[in-house]
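# Residue-level structure breakdown
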Amino acid sequence: MTGAAGAADATEPAWIGPYPTLAQCETSEAGFQAAGHLTGGCVYRDLAHSWQDGYYFHAWPVD
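Residues numbered from 1 in each chain as written. Predicted model: local features only at pLDDT ≥ 70, side-chain atom pairs only at ≥ 80, totals over all residues. Heavy atoms only, no water.

## Considering the nonpolar core
The test is simple: Remark: nonpolar core denotes a set of buried residues (Ala, Val, Leu, Ile, Met, Phe, Trp, Tyr, Cys) joined through side-chain atoms within 4.5 Å. Exposure is judged per residue with a 1.4 Å probe applied to protein chains only, and the accessible area is read against the type maximum: over 50% gives exposed, under 20% gives buried, and values in between give partly exposed. Starting at the N terminus, helices and strands are each numbered in turn, a helix being any DSSP run of H or I of at least four residues and a strand any DSSP run of E of at least two. Whether two residues touch is decided by their heavy atoms; if any such pair falls within 4.5 Å, the residues are in contact.
In this structure, Ala14, Ile16, Tyr19, Cys25, Phe32, Cys42, Phe57 and Ala59 together form the largest nonpolar core, which totals eight residues. Those elements that provide at least two residues to this core are β1 (14-19), α1 (22-34) and β3 (54-60). When residues of this core are assigned to their parent elements, the largest contribution, three residues, is made by β1. Other than its neighbours up to four places away in sequence, Cys42 contacts Leu22, Cys25, Glu26, Glu29, Tyr56 and Phe57.

## Considering the confidence of the model for the chain
Inclusion rule: Here pLDDT means the predictor's own confidence in every residue, given as a number from 0 to 100.
Summarising the model, the chain shows a mean pLDDT of 86, and 83% of its residues fall at 70 or more. Here residues 1-9 scores under 50 on pLDDT; set against residues more than four positions off or in separate chains, the count is 25 contacts.

Structure (structure tokens):
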């Protein structure tokens, strides 16, 4: 999932990312919060493919 993608529904959070730096992740997360989403904080994820590695956060939409 890319940083421009949104959360799909309130029951299943979406991983938003990857971001190359923690600062970029936190900036994007703040934008999601301002748009009314609940977020779960930025974490580094080391995934199966190196192009997937980076900082991500969970996001849920708010009705």
